[in-house]
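# A structural walkthrough
This is what each chain is made of:
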Amino acid sequence: MTGLRASYDVLPRELYLKAGKGAEILYWDKNTKFCGVCGAPMKLHTDISKRCTNCGKEVWPQLATAIIVLVRRGDSILLVHAHNLRGKYYGLVAGFVETGETLEECVRRELMEETGVRVENIRYFGSQPWPYPCGLMIGFYADYVEGDLHLQRSEIAYGGWFNRDKLPDIPGKVSMARMLIDAWLEGRLAEGCGG
Ligand SMILES: [Zn+2]
């Protein structure tokens, strides 16, 4: 037996995704025992919805949407160690999307808040379920424009610009951060277009 995150390295992708979905549904079930409107017990209505036994309020599993972004500056990329990362490795700037915000606005806000860096050419890279416990991770890459690095100490322990010859320890292959970094290393990200 192994934890869900570690299972990525041994399970076929399809099974890893199924296990993740299972974990998310169990988390949702545990956290929706009672109605948020009237407090009565909730009852399973369909495979992925519940209905309140008193007022009829329906609920579905909710996703916490987060962005993660690789920032390029010349031959370097921006890597940070957030306090919530386990281990000593460096990752990419990431954060939860706020209510009423577009994904691009979230990318700009998180970068400004956590690092003081402004970017352009924000481009979509890909997305992945992130069942820890109920996330959807949306990956972007962007080009540095301006701003000295000011790390937000409440969120980021340390960080900096790194080129490919001097990369520190980076996240495991399960993560979107690693997929972005690998794509950059292998030259699979589109060049900036100045727009
Ligand atoms: Zn109710």
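Cut-offs applied
- The residue numbers shown here count from 1 along each chain, following its written sequence.
- Thresholds applied to this predicted model are a pLDDT of at least 70 for local features of residues and 80 or more for the giving and counting of side-chain atom pairs; totals over whole chains, interfaces and linings are not thresholded and use all residues.
- The basis for the side-chain values is all heavy atoms of the structure; hydrogens and waters are excluded.
- An automatic or database domain assignment supplies the start and end points of every domain.
- Here, residues are in contact when the closest pair of their heavy atoms is within 4.5 Å.
- Computed with a 1.4 Å rolling probe, the buried area is the accessible surface lost when two parts are put together, summed over both parts.
- Side-chain atoms alone can form a polar contact between residues adjacent in sequence; in general such a contact is a pair of N or O atoms within 3.5 Å, and within protein one must be able to donate a hydrogen while the other accepts it.
- Segments assigned H or I by DSSP are reported as helices when at least four residues long, segments assigned E as strands when at least two residues long, and all are numbered from the N terminus.
- Here a helix's expected span is defined as the number of its residues, less one, multiplied by 1.5 Å.
- For every residue, the accessible area (1.4 Å probe, protein chains only) is compared with the maximum for its type, and the residue is labelled buried under 20%, exposed over 50%, or partly exposed between those bounds.
- Read the arc as the range of directions from the helix axis to the C-beta atoms.
- Of the two site types, the cavity is a set of points on a 1 Å grid over the protein atoms alone where a 1.4 Å probe fits but cannot get out, and the pocket is an open set with protein on both sides within 12 Å along at least five of seven lines, each lined by residues with an atom within 4 Å of a point.
- Grid points are joined across faces, edges and corners, and a volume is the space filled by probe spheres set on the points.
- As a working rule, the residues Ala, Val, Leu, Ile, Met, Phe, Trp, Tyr, Cys and Pro are called nonpolar, Asp, Glu, Lys and Arg charged, and the rest polar, with Gly in that last group.

## Some points on the domain arrangement of the protein
On domain assignment, one finds that the protein holds domain 1 (8–59) and domain 2 (64–185). Using C-alpha coordinates to define each centre, domain 1 is positioned 29 Å away from domain 2. Across the contact, six residues belong to domain 1 and 10 residues belong to domain 2. Summed over both partners, the interface of domain 1 with domain 2 buries about 720 Å², with 64% contributed by carbon and sulfur atoms. For domain 1, the biggest contributors to the area lost against domain 2 are Y8, Y16 and E24; these three give 61% of the whole. Here domain 1 is connected to domain 2 by two residue pairs in polar contact (both at pLDDT 80 or more).

## Re helix α2 (residues 13–31)
Taking 1.5 Å of rise per residue, 19 residues should cover 27 Å, and α2 covers 27 Å from first to last C-alpha, within 8% of that figure. Every buried residue of α2 is listed here: Y16, G20, E24 and W28. When α2 is viewed along its axis, its buried side chains cluster within an angular range of 110 degrees and face the same direction. In α2, the exposed residues that point more than 90 degrees away from the buried face are E14, K18, L26 and K30. Lining the buried residues of α2 we find α1 (4–7), β1 (42–46), β2 (49–52), β3 (58–59), β7 (118–130) and β8 (135–146).

## Digging into the layout of surface pockets
For the largest pocket, the calculated volume is near 910 Å³. Lining the largest pocket are 35 residues, with N84, L85, A94, W130 and M137 positioned closest to its centre. Elements represented by at least two residues in the lining of the largest pocket include exactly β4 (64–73), β5 (76–82), β6 (93–96), α3 (103–115), β7, β8 and α4 (176–185). Per-class residue counts for the lining of the largest pocket are 21 nonpolar, seven polar and seven charged. Reported here for the second largest pocket is a volume of approximately 260 Å³. Lining the second largest pocket are 13 residues, and of these K21, E24, I25, L63 and P129 sit closest to its centre.

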